[in-house]
Amino acid sequence: MKKLSLTMVAAAVSTALLSAGANAYVLGTENTGNVEVYGVVAVSAYGHTGDDVNVTDYKIENETRIGFRGSKQMTDGINVIFQVESGYTDVDDWAGGGLGFRDTFVGIEGDYGKITVGRQLTPMYEVVDWPFTNPGLGRVFDPAATGDIAYMYDRTESIRYFVPAMGNLNINVATGRAGSGENAHWFGGAAKYKAFDAITLHATFEYGNNRKVSDAVTAGFEFDPTTGDKKVVAAKDGVVTDTFTYLVGFEAPIASTGISIAAAYKYGQAENVATKNVDSQGSYSVVAQYWNGPLGIKLGYAATEDVESDDNSNVSKGASVTSLQVMGVVNGFVPYVRIGMTDQLGWGADPLEDQEIFARVGLEYGF
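Just so it is clear, the model here is predicted, and its values are computed rather than measured. (Residues numbered from 1 in each chain as written. Predicted model: local features only at pLDDT ≥ 70, side-chain atom pairs only at ≥ 80, totals over all residues. Heavy atoms only, no water.)

Looking at this structure, how should I read the overall build of the chain?
Regarding its fold elements, the chain presents 4 helices and 21 strands. Counting only contacts in the chain whose residues sit at least 6 apart along the sequence, the fraction spanning at least 24 positions is 57%. Surface summary for the chain: the accessible area is close to 18,200 Å², and the carbon and sulfur share equals 58%. (Helix = DSSP H or I, 4+ residues; strand = E, 2+ residues; numbered from the N terminus. Contact = heavy atoms within 4.5 Å. Areas by Shrake-Rupley, 256 points an atom, 1.4 Å probe, with all protein chains shown as cover.)

Okay, here's the thing in structure tokens:
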């Protein structure tokens, strides 16, 4: 579950939080930047079956976070925007809860569009994360490093440009450093088009160069604490890769039924800079949801294919997850129950031989 928390927000939450900006609390005046405070209270209990565990061996996960955002006119043509957002309250999780861990940036906007600089979602991951990984599909469809095939996961320090809307077409591009490798950078973009005032089409890509996967290891000896003896360590070359990923998908309502469908295919490849060996992997996600007033039901399936490797050195297997969620919107609160089956219990974990059951019960409220 190390990274699963990124995709816990249900479709109901999106509906419930559409008015979050209007409900946020204004802290200042126009002269002090119209600073607002906003956030989400989100707590759930999660459990799964598996070796020596069952669903009743649950744990409490706390995704509560808070943020501040604002804007102020700097000149007639330049409006400065800024945002600072905390990580999740659960300090045992990857986020650590620190202020500024999630989207924290400064930017400018005007007739020319919007430019933001700082810690923010990449164009690729923004589309991967929503709407294609909820409910609970992120453990399979999210991971950027399955089989050492990567795009820049989640939030990263970057420069992002949002092109002014062209009718029903929206485009944004971004670039940043691809980890700590020498001369390592990435560039990506996304396009969203609303067709027939109903169907939303998505396309996004990302290219990265000189992404450091592992450091070189020098031959020698190391102490084995189990036996107390010295253990021989073989020399090992470092691994640096050039990566490319793309995604195509759509969202479509089924007229007058309350049902909508979202589906996507994602392909990624990594080329070892030294050996020129290429590893590649495809993955896909299908999500259907139904709303009847305040009650919503969501069913999702996601899977990754086995990794294809030029030299057969990468034998990573594919995984799958099926998840059902029932949720409601009650005076702004979103209670939900989720149950599913998967052979990949942890984010980026090796697939299991058998499918295991997982379950989550939670409550969320946005302000």
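How should the side chain of Asn209 be read in this particular structure?
You can see Asn209 is positioned in strand β11 (residues 199-214). With relative accessibility at 16%, the residue Asn209 sits in the buried group. If we skip the residues at most four places from it in the chain, Asn209 touches Ala178, Asn183, Ala184, His185, Thr241 and Asp242. (Buried < 20%, exposed > 50% of the residue type's maximum accessible area, 1.4 Å probe, protein only.)

Can you walk me through the nonpolar core in this structure?
Val128, Phe132, Phe141, Leu247, Ala302 and Val321 are the most contacted members of the largest nonpolar core, which totals 20 residues. Looking at this core, the elements that each hand over two or more residues are α3 (123-129), α4 (138-141) and β15 (259-272). Counting residues per element, this core draws most heavily on α3, at 4 residues. With residues near it in sequence (within four places) discarded, Ala302 still touches Leu137, Val140, Phe141, Tyr284, Ser285, Ala319, Ser320 and Val321. Within the second largest apolar cluster, 5 residues are counted, among which are Met152, Ala174, Ala178 and Trp186. (Core = buried A, V, L, I, M, F, W, Y, C linked by side-chain atoms within 4.5 Å.)

Explain the pattern of salt bridges to me, please; I cannot follow it from the model alone.
Where charged atoms of side chains with opposite charge meet at close range, the side chains can pair. Taken as a whole, this structure holds 6 salt bridges when the rule is applied. We note a salt bridge from Glu36 to Arg69, for which the minimum N-O separation is 3.3 Å. Highlighted residues: Glu36 in strand β2 (residues 36-48) and Arg69 in strand β4 (residues 65-75), separated in sequence by 33 residues. Between Arg102 and Glu85 there is a salt bridge, and its shortest N-O distance comes to 2.6 Å. In this pair, Arg102 is assigned in the loop between β5 (78-85) and β6 (104-110) and Glu85 in strand β5, connecting sequence segments 17 residues apart. Residues Arg102 and Glu85 agree in their burial class; the two are buried. Connected through shared salt-bridge partners, Lys59, Glu61 and Arg360 make up one network. (Salt bridge = Lys/Arg side-chain N within 4 Å of Asp/Glu carboxyl O.)

It is not clear to me how the packing of aromatic side chains should be interpreted in this structure. Could you clarify?
Given two aromatic rings, their pairing is described by the distance between the two centres and the angle made by the two planes. Summed over the entire model, instances satisfying the criterion amount to 7 aromatic pairs. Taken together, a centroid distance of 6.5 Å and an interplanar angle of 35 degrees make the contact between Tyr46 and Phe358 tilted. Placement of the pair is Tyr46 in strand β2 and Phe358 in strand β21 (residues 356-366), with a sequence separation of 312 residues. Accessibility assignment for this pair places Tyr46 and Phe358 in one class, buried. Considering the side-chain rings of Tyr246 and Tyr265, the 6.4 Å spacing of their centres and the 55 degrees angle between planes classify their relative orientation as tilted. Highlighted residues: Tyr246 in strand β14 (residues 239-254) and Tyr265 in strand β15, separated in sequence by 19 residues. Of the residues examined, Tyr246 reaches a relative accessible area of 29% and is grouped as partly exposed. Cluster of aromatic residues (ring-pair linked, three or more members): Phe244, Tyr246, Tyr265 and Tyr267. Sitting over the face of the ring of Tyr38, Arg69 holds its NZ or CZ atom 4.1 Å from the ring centroid. In this structure, Arg119 is placed above the aromatic ring of Phe101, and the distance from its NZ or CZ to the ring centre is 4.7 Å. (Phe/Tyr/Trp six-rings, centres within 6.5 Å; stacked < 30°, edge-to-face > 60°. Lys NZ or Arg CZ within 6 Å of the ring centre and 35° of its normal.)

What's the story with the environment of Glu206 in this structure? I'm lost.
Relative to the helices and strands, Glu206 is located in strand β11. Classification of Glu206 as buried rests on a relative accessible area of 3%. In this view, Glu206 contacts Thr122, Met124, Tyr151, Met152, Trp186, Phe187, Gly188, Thr243, Phe244 and Thr245; residues no more than four positions away in its chain are not counted.

Would you mind showing me how to read unusual backbone geometry here?
In terms of backbone geometry, most residues other than glycine have negative phi values and most peptide bonds are trans. Omega for the peptide link from Trp130 to Pro131 comes to 15 degrees, which places this bond in the cis form. Among the structural elements, Pro131 can be located in the loop between α3 and α4. The amide bond that connects Asn134 to the next residue, Pro135, takes the cis arrangement and shows omega of 15 degrees. Mapping Pro135 onto the fold places it in the loop between α3 and α4.

Help me understand the pairing of β2 in this model?
On a regular strand, one side chain projects to one face of the sheet and the next to the other, so that they alternate. Relative to β4, β2 runs antiparallel, the two sharing 5 bridges. In the sheet register, Glu36 faces β4, and the bridge partner there is Arg69. In the sheet, β2 pairs with β21 via 9 bridges, with the strands oriented antiparallel. Residue pairing in the sheet places Gly47 in a bridge with Ala359 of β21. Here 4 bridges tie β2 to strand β3 (residues 59-62), and the two strands are oriented antiparallel to one another. For Val43, the partnering residue across the bridge sits in β3 and is Asn62. (Pairing = 2+ DSSP bridges.)

Is there a simple way to think about the pairing of β14 in this case?
Both β11 and β14 contribute to a ladder of 12 bridges, which runs antiparallel. Its bridge partner lying in β14, Leu201 is registered against Phe250. Where β14 and β15 come together, 14 bridges link them in antiparallel fashion. Paired with Pro253 across the bridge in β15 is Ser260. Connecting β14 to the antiparallel partner β15 that follows it, the hairpin turn spans 4 residues, and Ser256 within it adopts a positive phi of roughly 60 degrees.

No statement about biological role is implied by the geometric values presented.
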